[in-house]
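Structural description and commentary
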Amino acid sequence: MSYSTAPTNNGKGKPKKQRLELTWIGKDEEIKLEPRILIEDPEKSYGDPNTENMLIHGDNLLALKALEQDYAGKVKCIYIDPPYNTGSAFEHYDDGIEHSLWLNLMKPRIEILRNLLNQNGSLWISIDDNEAHYLKVLCDEIFRRSNFVANVVWQKRTSPDMRATIGAGHDHILVYAKDILSFKKIIKPLPKTEKQKATYKNPDNDPRGPWASSDFTAQGFRPNQMYSITTPGGVVYEPPEGRCWKNIESVFLNSVGEGRIWFGKDGKGVPRRKTYLSESEGQNAWTWWPNTEVGHNQEAKKEINTLFGPANAFDTPKPERLIKRIVELTTIEGDLVLDSFLGSGTTSAVAHKMDRKHIGIELGEHANTHCIPRLKKVVDGTDGLPLSESLGWRGGGGFKFYNLAPSLLRKDKYDNWIIDEKYNANMLAAAMCKHEGFRFSPHEELYWKQGKSTETDYIFVTTAFVTVEQLDKIHEEMSSEESLLICAKSFAPECEDRYTNITIKKIPQMILGKCEYGQDNYDLNIIESTEKIAEDQDITDEDNE
Ligand SMILES: C[S@@+](CC[C@H](N)C(=O)[O-])C[C@H]1O[C@@H](n2cnc3c(N)ncnc32)[C@H](O)[C@@H]1O
């Protein structure tokens, strides 16, 4: 860590203001990210066809970049559990890379994750002592120190590791808010556990229901809170030494009138205040999360064994109860939860069972071998895990599976980003067909028939501006039983409701992509046709070069 003191203006004028920052090799190297497309693989999607839940197979930096266009500011809770950089070799992914490299991997990802959060959203990062303290400083820089919420200590083990000098009994969970003030307004108290609820009783048949009693004294000497109390059984009490009663006398008498003060069964006890279960909100969370409340590593392994069998286990899962607590503190039903290091799929599975929307990203093959089967079981209501039982989850919903398409762009000889000619017109059309559930099968003569879903339902993809005249011309060529979906980059507003058998909509930003290097308008020449519409296409690859 260092204070940056060097003047950044070649010694002229005032030096740049000093700031505390963590520096490492490669920190300031620019990362070139070209836009990538997420393409749905309908054969791997499952359940409700209208679901917004996404399971993405691919590198999370590229996938997050692809999501940024449509999801910036929309995610309420992000949980990530990145490789801890411990040097262990896990079966399903590499862990243990040089510290600077690890920080270089994390920084751009956390920057995009922050962009995805909405104003009252929060990021929760599981990490252990190998990188926790470096990660904290990195996150302070990205989020600002004032948006640091807490370092939760999760008790991950049940007993010390006898091989270690001082064994790690906990992981850290670093918590950051997009905006601390907004986050404070939405974070919820923890609901009472059954054990806590059981401490509420109703020995006097109070119509307000079960209650627990608490001390009616406060520390110090406040003259108007120093009075004698005579109990219904006739015993007189004064405040104990160094203390006063909790309220002034009139408030106390009012509470007695309402039956909110307890003097013991015989009416002779020291007064105590009643707190009703129905009126108590639960407790604010604190940073100590014992495994009795949120599970431990062995519990997570057991869950994985239940799901996949011991032969097909996943090395580093988190227990469902741990994720449940994060989701329940920070979100309500319908909110969007994201995990970009999905592993065996725990976050998506838990969010789904709690009726939250979810996006999960996983690089490894276990996106296929673990995440898909796990989420299918969740959708079917057959995962057989204790959390499903306690939530009363019976199944429902669905998820869509996406792959990252190959890169759209390459550099030309002048170092400009251009559409790779390998990514030709047909590939984009094919990508859109997949996205919209059509089969890519270009018609030999009619350029607007690029794909179909039935013998009469067609799709046409264009990045040209579609005018009313062009639409009329296409309509003339259609037979009355045919329908057409046009996916265009832009179109005249009158096109929208002009024909009942033609639907026109914009190609999602996610698919067009937005290049971050100065150019944000890659007009893809995606139809090769002599028709007017093709002539109107703005830029071809050749133009770019
Ligand atoms: C510690 S595991 C997450 C375990 C998860 N919390 C669970 O309960 O199963 C970390 C995961 O991050 C994935 N991962 C590592 N680098 C990635 C990347 N660049 N993009 C997407 N996933 C990545 C690994 O393949 C691994 O599955």
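Described in the following lines is the structure provided in the data block. Just so we're clear, the structure is a prediction, and the values are computed from it rather than from any experiment.

A look at the environment of Pro-42
Checked against the element boundaries, Pro-42 lands in the loop between β3 (38–40) and β4 (46–47). Pro-42 sits in the partly exposed class, given a relative accessible area of 45%. Put simply, Pro-42 and Lys-400 are 358 residues apart on the chain and 7.2 Å apart in space, counted from C-alpha to C-alpha.

Some points on the site of the ligand
Within the structure, the ligand sits among 20 residues, and Asp-59, Ser-344, Thr-346, Glu-362 and His-366 are positioned closest to it. Take Asn-60: an N or O atom from its main chain is 2.9 Å from a nitrogen atom of the ligand. Interatomic distance of 2.7 Å between a side-chain N/O atom of His-366 and an oxygen atom of the ligand. If the ligand stood free it would expose 600 Å²; the protein chains cover 94% of that surface. The residue inventory of the shell around the ligand, partitioned by class, reads seven nonpolar, eight polar and five charged.

Side note on the packing of helix α8 (residues 297–308) against helix α11 (residues 366–380)
The N-to-C vectors of α8 and α11 enclose an angle of 80°; their axes lie 10 Å apart at closest approach. As judged from the angle between their axes, α8 and α11 are roughly perpendicular. Between α8, through Ile-304, Leu-307 and Phe-308, and α11, the contact on the second element is made entirely by Thr-369, His-370, Pro-373, Arg-374 and Lys-377. Of the residues contributing to the contact of α8 with α11, the split by class is four nonpolar, two polar and two charged.

Digging into the pairing of strand β18 (residues 336–339)
One face of the sheet, then the other: side chains in a regular strand alternate in exactly this way. Of the two faces of β18, both are covered, the one formed by Leu-336 and Leu-338 as well as the one formed by Val-337 and Asp-339. Bridging between strand β6 (residues 75–80) and β18 involves two bridges; their strand directions are parallel. Bridge pairing in β18 links Cys-77 to Val-337. With four bridges connecting them, β18 and strand β19 (residues 357–362) associate as parallel partners. By the bridge assignment, Asp-339 is partnered in β19 with Gly-360. The parallel pair β18 and β19 is bridged by helix α10 (residues 346–353), and the resulting crossover is right-handed.

A short note on the pattern of salt bridges
By the definition in use, this model includes 29 salt bridges. Ionic pairing is found between Asp-204 and Lys-274, a salt bridge with its closest N-O pair at 2.6 Å. You can see Asp-204 sitting in the loop between α5 (194–198) and β10 (211–215) and its partner Lys-274 sitting in strand β16 (residues 272–276), a full 70 residues away along the chain. What makes Asp-204 partly exposed here is its relative accessible area of 31%. The class of Lys-274 is buried, set by a relative accessible area of 6%.

Let's talk about the nonpolar core
Formed by 44 residues in total, the largest nonpolar core has its most connected members in Ile-56, Leu-67, Ile-110, Leu-123, Leu-135 and Leu-338. Apart from residues no more than four positions distant in its own chain, Leu-67 is found in contact with Leu-38, Met-54, Ile-56, Ala-72, Leu-116, Leu-338, Ile-359 and Ile-361.

Some thoughts on the side chain of Asn-291
Note on placement: Asn-291 falls in helix α7 (residues 291–294). On the accessibility criterion, Asn-291 (9% relative accessible area) is buried. Dropping the residues within four chain positions of it, Asn-291 is found in contact with Gln-155, Arg-157, Thr-158, His-296 and Arg-321.

Rules used throughout
Residues numbered from 1 in each chain as written. Predicted model: local features only at pLDDT ≥ 70, side-chain atom pairs only at ≥ 80, totals over all residues. Heavy atoms only, no water. Helix = DSSP H or I, 4+ residues; strand = E, 2+ residues; numbered from the N terminus. Buried < 20%, exposed > 50% of the residue type's maximum accessible area, 1.4 Å probe, protein only. Near = heavy atom within 4 Å. Polar contact = N/O pair within 3.5 Å; in protein donor to acceptor, adjacent residues only side chain to side chain. Areas by Shrake-Rupley, 256 points an atom, 1.4 Å probe, with all protein chains shown as cover. Nonpolar A, V, L, I, M, F, W, Y, C, P; charged D, E, K, R; others polar. Axes fitted to C-alpha atoms, helices over the stretch in contact; angles between N-to-C directions. Parallel < 35°, antiparallel > 145°, perpendicular 65-115°, else oblique. Contact = heavy atoms within 4.5 Å. Pairing = 2+ DSSP bridges. Right-handed = clockwise from strand over helix to strand, strands pointing away. Salt bridge = Lys/Arg side-chain N within 4 Å of Asp/Glu carboxyl O. Core = buried A, V, L, I, M, F, W, Y, C linked by side-chain atoms within 4.5 Å.

These results come straight from atomic positions and should not be treated as a statement about function.
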